[in-house]
Number of protein chains: 2
Amino acid sequence: MLEKISASKSEILDAAAHCFMTLGAEAASIDDIAHHLGSTKGRIYHHFPSKGALLSAVQLRAADFTNRAVEAVIDSSRPALENLEEMSRSHVREVLASLPYHRVILQTYPGTRVKAATEVEHALQSEVRKGQRAHEMLFHDEVARGIAEGSIENRNLTVAVAGLMLILNSPVFWFRPERGASQDFIDTIVRDLTSMAMASLRSTAPAPQPE
Amino acid sequence: MLEKISASKSEILDAAAHCFMTLGAEAASIDDIAHHLGSTKGRIYHHFPSKGALLSAVQLRAADFTNRAVEAVIDSSRPALENLEEMSRSHVREVLASLPYHRVILQTYPGTRVKAATEVEHALQSEVRKGQRAHEMLFHDEVARGIAEGSIENRNLTVAVAGLMLILNSPVFWFRPERGASQDFIDTIVRDLTSMAMASLRSTAPAPQPE
DNA sequence: TCAAAAACATACTCATTAGTCTGTTTTCAG
DNA sequence: CTGAAAACAGACTAATGAGTATGTTTTTGA
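The structure presented is a predicted model; accordingly, all values stated were derived computationally and were not measured. (Residues numbered from 1 in each chain as written. Chains lettered and ligands numbered in written order. Predicted model: local features only at pLDDT ≥ 70, side-chain atom pairs only at ≥ 80, totals over all residues. Heavy atoms only, no water.)

**So, the packing of helix α4 (residues 51–71) of chain A against helix α7 (residues 119–149) of chain A**
Residues and elements named next belong to chain A. Just so we agree on the cut-off: An axis is simply a line fitted to the C-alpha atoms; with a helix, the fit covers only the stretch in contact. Between two such axes, the angle follows the N-to-C directions and lies from 0 to 180 degrees. Secondary structure elements follow DSSP: runs of H or I of four or more residues count as helices, runs of E of two or more count as strands, with numbering from the N terminus. When an angle is under 35 degrees it counts as roughly parallel; over 145 it counts as roughly antiparallel; between 65 and 115 it counts as roughly perpendicular; any other value is oblique. Handedness of a helix crossing follows the sense of rotation of the near helix relative to the far helix, less than a right angle counterclockwise being left-handed and clockwise being right-handed. The contact rule is simple, with two residues in contact once any of their heavy atoms fall within 4.5 Å.
Between α4 and α7, whose axes approach to 9 Å, the crossing angle comes to 15°. Taken together, the axis directions place α4 and α7 in an arrangement best described as roughly parallel. For the pair α4 and α7, the sense of crossing is left-handed. Taking contact as the criterion, the partners of Gly52, Ala53, Ser56, Gln59, Leu60, Ala63, Thr66, Asn67, Val70 and Glu71 in α4 are, on α7, Glu121, Leu124, Gln125, Glu127, Val128, Gly131, Gln132, His135, Leu138 and Phe139.

Structure follows, in structure tokens:
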């Protein structure tokens, strides 16, 4: 789904993600990104046709990161909750590892339709949504399986999955890697968030005990 | 904490919140907001000194909305979890009721420092954070109390409260009132999100049974 | 009833910034 | 080696949008 990225292109994406994160996707200018690279606009516009395309590329890569990380640990032979726990752990780890990219996604999450949306840009945005939806589907399907199993509380699926993803993505809002990112704290975040996420899903009432 | 707002000023805030929501806080121009009001810039700049001040006013009002709603139902004589459940219910209801305002908050949550930040604007933003922190504190304190009680799982407080707030705010990301906001669906959202939030906090291991 | 202040409208200025165009350097296949 | 294409740099254009300055209307208090 994602074409190969040259080393230079990847460097540009990293810089773009960083600037979008610190300044906001809309406020960050192409010149800001170029300056952060020690280059000029010429370099960026040689690789990307527009700012919108660059933004979409960053968002697409973000979804791709978590997608790969989660898909790698999926094992549908396990019970849904067990599987979801591994998936969640992997997702949170990846978010913490590639934080700037995921910050950008959150910034453009709501239905904020871009003003000057050409046909091409619109298509790119639709592609981004598709990638995000695909990733949510990984969790969506497992939650549905868990509800069928009886191990997960029977709630509105949309509401439940949205809440789950928000828990897993919550570090995006407050995690500051620049201020001391001790491996210990990272482990705490992964453990506690995964624990909270699983607890929020787990069925309370009958609790089928297979022991 | 919040000065009285004239009818006209309130109308401007509503329009601003709406435009910030649909177009994004950065992309929405003062002219856009004025046009949505059927007026011109003059009206807005008569009441607000700058776009940043207008944005801050919207954010401050958002925090004020949920603050009032939650504070009204706090009853610290109850057990922490019971109290938190009522608070959460009230919070979610308020978010759904004044959605545009809360969308704006989420858009500017991350550490995106504005570029042209004058001293005044900076002070306003700091005021906004203070209001948001105050509201989070309401939940923070109750969670701490619950942990002390033993009814809430002993996790990192920052992580736990952040996760909790994200669950409660999650409709901001996907709820579309324009597309059929049946009272029934609203009730479902409030019930399921509150249920998930409480489940994510509840202590799993010893479970002190006071019955 | 009548100033004066509040509440707007309208026409500007000026800075920022996305995108373009042309030139220069680097890479690399043959 | 060489020439052509890729990978940039740097100057320029054009449009958008925040903020201002000066009107005009409406409200209001005495």
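**Focus: the interface of chain A and chain B**
Short version of the rule: Two parts placed together each lose some accessible area under a 1.4 Å probe, and adding up what both lose gives the buried area. Any carboxyl oxygen of Asp or Glu within 4 Å of a side-chain nitrogen of Lys or Arg constitutes a salt bridge here. Between N or O atoms, a polar contact is any pair within 3.5 Å; within protein, one atom must be a potential hydrogen donor and the other a potential acceptor, and residues adjacent in sequence are included only when both atoms are from side chains. Here the nonpolar group is Ala, Val, Leu, Ile, Met, Phe, Trp, Tyr, Cys and Pro; Asp, Glu, Lys and Arg are the charged ones; every other residue, Gly included, is treated as polar.
Contact with chain A, which involves 40 residues of that partner, is made by 40 residues of chain B. When chain A packs against chain B, close to 3,500 Å² is buried across both sides, 70% of that on carbon and sulfur atoms. Counting the surface chain A buries against chain B, the share from its top three residues, Val159, Phe173 and Met196 of chain A, is 19%. The tally of links between chain A and chain B comes to zero salt bridges. Inspection of the chain A/chain B interface yields four residue pairs in polar contact (both at pLDDT 80 or more). Within the residue set of the side of chain A that touches chain B, elements represented by two or more residues are α1 (7–23), α6 (99–107), α8 (157–169), α9 (171–174) and α10 (183–201) of chain A. Ranked by the residues each element gives to the side of chain A that touches chain B, the list is headed by α10 of chain A, at 10 residues. A per-class count over the side of chain A that touches chain B returns 20 nonpolar, 12 polar and eight charged.

**So, the pattern of salt bridges**
Think of it this way: side chains of opposite charge can pair up when their charged atoms draw near. Scanning all chains against the criterion turns up 24 salt bridges over all chains. A salt bridge links Asp75 of chain A to Arg78 of chain A; the nearest nitrogen and oxygen atoms lie 3.9 Å apart. Residue Glu85 of chain B pairs with Arg89 of chain B through a salt bridge whose shortest N-O separation is 3.1 Å. Residue Glu85 of chain B and its partner Arg89 of chain B are located together in helix α5 (residues 80–97), separated by four residues, close to a single helical turn. Beyond isolated ion pairs, a larger network of salt bridges with shared partners links Glu85, Glu86 and Arg89 of chain A.

**Observations regarding the protein's contact with DNA strand D**
Applied cut-off: For each residue, the test is whether any non-hydrogen atom lies within 4 Å of the molecule or strand; if one does, the residue is near.
Around DNA strand D lies a shell of 15 residues, among which Ser8, Thr40 and Lys115 of chain A together with Lys41 and Lys51 of chain B are the nearest. For DNA strand D, the backbone portion of the atoms within 4 Å of the protein, that is sugar and phosphate, comes to 67%. For DNA strand D, a phosphate oxygen lies 3.0 Å from a polar atom in the backbone of Ile30 of chain B. Lys41 of chain B places a side-chain nitrogen or oxygen 3.0 Å from a base nitrogen of DNA strand D. Listing elements by their share of the surface near DNA strand D, those giving two or more residues are α3 (41–47) of chain A together with α3 (41–47) of chain B. Here the surface near DNA strand D takes four residues from α3 of chain A, the largest share from any one element. Tallied by class, the residues present in the surface near DNA strand D amount to three nonpolar, eight polar and four charged.

**Side note on the protein's contact with DNA strand C**
The environment of DNA strand C is formed by 16 residues, the closest being Ile30 and Lys51 of chain A together with Ser8, Thr40 and Lys115 of chain B. Take the atoms of DNA strand C that sit within 4 Å of the protein: sugar and phosphate atoms are 64% of them. A distance of 3.0 Å is found between a base nitrogen of DNA strand C and a side-chain nitrogen or oxygen belonging to Lys41 of chain A. Side-chain polar atom of Ser8 of chain B to a phosphate oxygen of DNA strand C: 2.8 Å apart, as the coordinates give it. Among the elements of the structure, α3 of chain A together with α3 of chain B are those that each provide at least two residues to the surface near DNA strand C.

**So, the environment of Pro49 of chain A**
Residue position: Pro49 of chain A is located in the loop between α3 and α4. Between the C-alpha atom of Pro49 of chain A and that of Thr118 of chain A, which follows or precedes it by 69 residues, the distance is 12 Å.

**Let's talk about the relation of the copies chain A and chain B**
Counted only if it meets this: In superposing the copies, a least-squares fit is computed on C-alpha atoms, taking residues whose pLDDT is at least 70 in both.
When chain A is fitted onto chain B, the two copies agree to an RMSD of 0.0 Å after a turn of 180° and an axial shift of 0.1 Å. The transformation relating the two chain copies, once decomposed into turn and shift, fits a two-fold axis. In terms of proximity to the rotation axis, the leading residue of chain A is Ser200 of chain A, whose C-alpha is 2.0 Å off the axis. When you check the interface residues of chain A against chain B, 100% turn up at the interface there too, and the contact is symmetric in its surfaces.

**Examining α8 of chain A**
All names here are of chain A. So the rule is basically this: In this scheme, a helix's expected span is set at 1.5 Å multiplied by one less than its residue total. Only protein chains enter the accessibility calculation, which uses a 1.4 Å probe; a residue is then buried when its area is under 20% of its type maximum, exposed when over 50%, and partly exposed in between.
For α8, which comprises 13 residues, the first-to-last C-alpha distance of 18 Å matches the rise-based estimate of 18 Å (1.5 Å per residue) to within 8%. When you tally the buried positions in α8, you get 11 out of 13 residues, the bulk of the element. Residues Val159, Ala160, Val161, Ala162, Gly163, Leu164, Met165, Leu166, Ile167, Leu168 and Asn169 constitute the buried set of α8. Here α8 starts with a cap whose side-chain oxygen sits 3.0 Å from the backbone nitrogen of Thr158, and that cap is Asn156.

**Some details on the side chain of Thr194 of chain A**
Assignment of secondary structure puts Thr194 of chain A in helix α10. With residues near it in sequence (within four places) discarded, Thr194 of chain A still touches Glu85, Ser88, Arg89 and Ile189 of chain A.

**Overview of the packing of aromatic side chains**
Using the following cut-off: Between 30 and 60 degrees the pair is tilted, below 30 it is stacked and above 60 it is edge-to-face, where a pair is any two Phe, Tyr or Trp rings, Trp via its six-membered ring, whose centres lie within 6.5 Å. Look at NZ for Lys and CZ for Arg. If either is within 6 Å of the ring centre and within 35 degrees of the ring normal, a charge sits over the ring.
One pass over the full model with this rule turns up seven aromatic pairs over all chains. A ring pair is formed by Phe65 of chain B and Tyr101 of chain B, whose centres lie 5.2 Å apart and whose planes are at 85°; its orientation type is edge-to-face. Of this pair, Phe65 of chain B sits in helix α4 (residues 51–71) while Tyr101 of chain B sits in helix α6 (residues 99–107), and the two are 36 residues apart along the sequence. In this structure Phe65 of chain B comes out as partly exposed when scored by relative accessible area, which is 23%. Pairing Phe175 of chain B with Phe185 of chain B gives two aromatic rings, centres 6.5 Å apart and planes at 45°, and the pair type is tilted. On the criterion of sequence distance, the pair formed by Phe175 of chain B in the loop between α9 (171–174) and α10 (183–201) and Phe185 of chain B in helix α10 is long-range, its members being 10 residues apart. Counting every residue linked through ring pairs, the aromatic cluster contains Trp174, Phe175 and Phe185 of chain A. The ring of Phe48 of chain A carries Lys9 of chain A above its face, with NZ or CZ at 5.5 Å from the centroid.

Read these as geometric descriptors, not functional statements.
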